[in-house]
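If you want the building blocks of each chain, they are given just below.
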Amino acid sequence: MKFNHKLLVRSIFISALFLILFASCVPIKRIQYLQQEVAKNDTLRTHFNTDKSLDYKIQAGDNLYIKVNSPLTKTENLFATEDLARTSNYYNDVGIYLNSYQVSDSGYIDFPFVGKVYIKDLTLEQAKDLIQAIVDDYVRGTTVIVRLAIFKITVLGEVVRPGEFSIYQNNLNLFDALSYAGDMTPFAKRNNVYLIRETKKGTKVTTLNLNDIEILESEYFTILPNDIIYVPPVKAKNYAFSNFPYSLVFSTISTTLLLINFFNN
């Protein structure tokens, strides 16, 4: 019976390819967001309640953008500030920092012609209402705008673009934050994401499961300034890229081909 060398080579090659693909494979269940278990005859849940009491409360060290719009001219409006929008550095982090109101350690801001205003632990809406009431005692017909001037978050681990990000909006959720980092990689451990948050009692680490659709109702779904999100890798990545003996597989294939060629001659 004649030995079929081509069949042997093909079998070895297919086997090696199968081993490589199997080693680097991640099940689809691990990488799918917002999974929902639905029993027979049940319907998918489509509405989720978010606790509105989780609105961010101003803390010491925060930088706030506060503007008082008035129908009066700048010379008549006591709270009018220089037109900084035309300056070249207004829209970078340094410009925003220098032209914002920083909350002191004791919870106050220094507001023009008013002096110290205590706003610590107020929401942005409550701070706006408070400053509006104060300004109305000086100038009528004004509109006060209060926003967070600098909102920074950090996303690390198994994401496309890890790093620190400056966010120019007041409301941010977990998926918004991940989108700034280019989303998770296929090797991200979505059911065990770490959220690191500074609290009055110190640093708190919370584990979140992004595979579960119930995350939409979690109190940690809303991201706060200075939050850190760490996405660990699944074990498959470590095995595929570190432990799997790629060199041994390719070495075996090469040796086998050499031996076949030797005996064939």
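Residues numbered from 1 in each chain as written. Predicted model: local features only at pLDDT ≥ 70, side-chain atom pairs only at ≥ 80, totals over all residues. Heavy atoms only, no water.

## A look at the packing of aromatic side chains
- Applying the stated rule across the entire model yields five aromatic pairs.
- Where Phe165 meets Tyr180, the ring centres are 6.4 Å apart and the plane angle is 45 degrees; that geometry is what we call tilted. With a gap of 15 residues between them, Phe165 in strand S7 (residues 163–167) and Tyr180 in helix H5 (residues 174–180) connect regions that are remote in the sequence.
- Tyr180 sits in the partly exposed class, given a relative accessible area of 30%.
- The interplanar angle of 15 degrees and the centroid separation of 6.1 Å between the aromatic rings of Tyr194 and Tyr230 together place this pair among those described as stacked. Of this pair, Tyr194 sits in strand S8 (residues 193–199) while Tyr230 sits in strand S10 (residues 228–231), and the two are 36 residues apart along the sequence.
- The partly exposed category is assigned to Tyr230, whose relative accessible area is 32%. (Phe/Tyr/Trp six-rings, centres within 6.5 Å; stacked < 30°, edge-to-face > 60°. Helix = DSSP H or I, 4+ residues; strand = E, 2+ residues; numbered from the N terminus. Buried < 20%, exposed > 50% of the residue type's maximum accessible area, 1.4 Å probe, protein only.)

## Details of helix H4 (residues 124–136)
- Its 13 residues give H4 an end-to-end C-alpha distance of 18 Å, which sits within 8% of 18 Å, the value for a rise of 1.5 Å per residue.
- Residues of H4 that are buried: Leu124, Ala127, Ile131, Gln132, Ile134 and Val135. Along the long axis of H4, the arc covered by the buried residues comes to 165 degrees, so they all point the same way.
- Looking at the packing, one finds that the buried side of H4 touches strand S1 (63–69), strand S3 (108–111), strand S4 (115–118) and strand S5 (143–148). (Expected span 1.5 Å × (residues − 1). Arc of directions from axis to C-beta. Contact = heavy atoms within 4.5 Å.)

## Some words on the environment of Asn63
- Residue position: Asn63 is located in strand S1.
- Linking Asn63 and Ile96, residues 33 residues apart in sequence, is a C-alpha distance of 8.6 Å.
- Beyond its immediate chain neighbours, meaning those up to four positions away, Asn63 contacts Tyr97, Ser100, Tyr101, Gln102, Arg147, Leu148, Ala149 and Ile150.
- Of the polar contacts made by the side chain of Asn63, one reaches the side chain of Ser100; its length is 3.1 Å. (Polar contact = N/O pair within 3.5 Å; in protein donor to acceptor, adjacent residues only side chain to side chain.)

## Brief notes about unusual backbone geometry
- One non-glycine residue, Phe113, adopts positive backbone phi at about 65 degrees.
- Mapped onto the elements, Phe113 comes out in the loop between S3 and S4.
- The backbone of Asp121 shows a phi angle near 70 degrees, a positive value even though the residue is not glycine.
- Within the secondary structure, Asp121 sits in the loop between S4 and H4.

## As for the sheet that holds strand S9 (residues 202–208)
- Across the sheet, five strands lie side by side as S7-S6-S10-S8-S9; this open sheet has mixed pairing. The sheet is open, and its two borders are formed by S7 and S9, each paired with just one other strand. With strand direction ignored, the average angle separating the axes of adjacent strands in the sheet is 20 degrees.
- Across seven bridges, S8 lies against S9 in antiparallel orientation. Across the sheet, the residue bridging to Tyr194 is Thr207, located in S9. (Pairing = 2+ DSSP bridges. Axes fitted to C-alpha atoms, helices over the stretch in contact; angles between N-to-C directions.)

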